Amino acid sequence: MSALSPVAGADARAEDPLTLSRQGQITDKVGALEDRESAVNASPDRLYAYSVASAAPLTEGGQTEEARTAASSNTSGSALVLPVALVGCAAALAAYSSVKRKHRASTRTTPKDGPEGRHGPGESPRTPLPELDRRAGLALVDTDDAVRTSQEELGFATAQFGEGATRPFQDTVTYAKGELATAFRLRRQLDDANPADDRTRRRTLDEIIARCTDANSRLDTESAAFDRLRAGGRDAPEALAAAEAAFRELTGRNVTAAATLAAMRERYAGSASAPVGSAVEQADDRLVFAAKNLDDARRAIGAGDNGRAAVRVRAVESAVGQATTLVEGVERRALELAGAAGRLPGALMDTETDLADARGLLEDTAEGTEEGTEERTAESTAEGTATADLEGRIARAEAVVADVRQEQSAGPYDPIDALRRVEEADAVLDEVLAGAREREVEGGRARALLDHALLGARSAVGAAADYISTRRGAVGGEARTRLAEAQRRLEQAGPLTELGDTRGALAEAQHADGLARQAQSLAEQDVRSLGHRSGPGGLFGGGGTRG
């Protein structure tokens, strides 16, 4: 994984990338793990590396102390480990932040020379197809992490220096995001086409790896200039003051978010608040992590160690950034639930109106069939099939309306889920009623259905994106692929609406909604699975290299 990496401070100097041990997953150059190497080595699918430059502006004991702290926390599962893992920043060592980019460039999953070593025509690639599939999956995850981390770092830099100074880096991140989006789309196409023939599968996997390699290379190209930009900005006391202000502001918002979440749980069914159910707790963890690093930064400034202070301030920025995402998710969910609850009565009335129209159409169809019983033809058989289909659509819509009204009267319910079900049932009815309606009436009904569908889709996509972004050290490729496809389909709904293709936009919004909910479910499974294998410390990552 490569990213526009944080700078350790203007005076930090990095050693060349170290050669990692091939006898296990641990390369400990400073003796930080002591007798815990075997325990850490047992953690699956994760490679850690700590490298300290002798000229870095840290005390000799401080360098090793930082590594010991990170290592011991990872095996003990202390309360501060989870924020370190999910914030995904290299706050453990000042020197680590400056060697991170070079280390990733030398060890990343995506091969530097392109896919499969560029075999000539007719040559059989030496990499077995299952291994190539595994590499492509890791490349997607690592590149997605790199792009997300770079986007976060870019946000901090833009707030500090303005859009003009950061425009070249924004262009780079935008390009990398485009390459990654294409790679995810190829992965989705490959999954949908399964089982594809081996040649097609290999060619597609090669292109996925090539796209990820290109995205990483572009990020690498701008990383040094980005580091210089950030290193040449505020002095340590000024940066600390800004970080403290952001921390205080977010702490207040998180208290409000806790009250908002409690109100949601009281007013709605459990499923309504479930996508953000742990957001306040997760934000608290990150704020605890930020508070600790603020204290460390103050002590470092007092000791005249501005390099160490800069690293701590960058850790605070990253923690506050992710906590902000979590808090905003709670705030957004509350607004979405209120909006869905407000729209649901109208949606139910519209569906009941459509049910009445559909029953009338069914009666007309039945009368026409009875009149033609003396001359049974293939056409009348087709009409009978259409009648059965209409009856099924009516029965489904009636059941949904009855269920939703019963949920409303029974007590707390989930308005987003209820609106989604009503919209889907009504859309099925609307398909058969479209030809029988006046054009103006039909256009208005389709736009109303689209409006309801977009609310659910935006809610699902936003919730899944927040969940994966703030827990990305534990989330695998399948969830990310579903999310990328959901985002693509939601984006497509806009142009289709502008072109007047309301039904096409509705289909895209419905697909986006379903894919986003699948993405969140898969991501939650990944987090639970990793936690079951390794405990809280097993989530340490986001800045490491997957082996």
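Before going into details, it helps to say that this report is about the structure given with it. (Residues numbered from 1 in each chain as written. Predicted model: local features only at pLDDT ≥ 70, side-chain atom pairs only at ≥ 80, totals over all residues. Heavy atoms only, no water.)

We now examine the pattern of salt bridges. Tallied over the entire structure, the rule returns 38 salt bridges. In this structure, Arg503 and Asp430 form a salt bridge, with 2.4 Å as the shortest nitrogen-oxygen distance. One end of the pair, Arg503, is in helix 16 (residues 502-534); the other, Asp430, is in helix 13 (residues 415-433), with 73 residues separating them in the sequence. Given a relative accessible area of 0%, Asp430 falls into the buried group. Several salt bridges converge on common partners, so that one network encompasses Glu407, Asp417, Arg420, Arg421, Asp513 and Arg517. (Salt bridge = Lys/Arg side-chain N within 4 Å of Asp/Glu carboxyl O. Helix = DSSP H or I, 4+ residues; strand = E, 2+ residues; numbered from the N terminus. Buried < 20%, exposed > 50% of the residue type's maximum accessible area, 1.4 Å probe, protein only.)

Quick look at the environment of Asp526 now. Assignment of secondary structure puts Asp526 in helix 16. Asp526 sits 54 residues away from Arg472 along the chain, and the two C-alpha atoms are 9.9 Å apart. Each residue touching Asp526, except ones within four places of it in the same chain, is listed here: Ala474, Val475, Gly476 and Ala479. (Contact = heavy atoms within 4.5 Å.)

The biggest cluster of nonpolar side chains holds 52 residues, and the ones touching the most others in it are Met264, Val330, Leu344, Ile394, Val404 and Val422. For this core, the secondary-structure elements that each account for two or more residues are helix 8 (236-267), helix 10 (279-302), helix 11 (306-371), helix 12 (378-410) and helix 13. The leading source of residues in this core is helix 11, at 18 residues. Leaving out residues up to four positions away in the same chain, Val404 has contacts with Leu344, Leu348, Ala418, Arg421 and Val422. Ranked by size, the runner-up nonpolar core spans 30 residues in total, among them Ala453, Ala474, Ala509 and Ala516. (Core = buried A, V, L, I, M, F, W, Y, C linked by side-chain atoms within 4.5 Å.)

Our next topic: the packing of helix 5 (residues 129-161) against helix 6 (residues 163-192). For the pair helix 5 and helix 6, interaxial distance at closest approach is 9 Å and the crossing angle is 155°. As the angle between them shows, helix 5 and helix 6 are arranged roughly antiparallel. With respect to the hand of their crossing, helix 5 and helix 6 are arranged in left-handed fashion. Where helix 5 approaches helix 6, its residues Asp133, Leu140, Thr143, Asp144, Val147, Ser150, Gln151, Leu154, Ala157, Thr158 and Phe161 are matched on the opposing element by Glu163, Ala165, Thr166, Phe169, Gln170, Val173, Ala176, Lys177, Leu180, Ala183, Phe184 and Arg187. When the residues that make up the contact of helix 5 with helix 6 are grouped by side-chain class, the tally is twelve nonpolar, six polar and five charged. (Axes fitted to C-alpha atoms, helices over the stretch in contact; angles between N-to-C directions. Parallel < 35°, antiparallel > 145°, perpendicular 65-115°, else oblique. Left-handed = near helix turned anticlockwise from the far one by under 90°. Nonpolar A, V, L, I, M, F, W, Y, C, P; charged D, E, K, R; others polar.)

Scope: geometric values only; no functional claims are made or implied.
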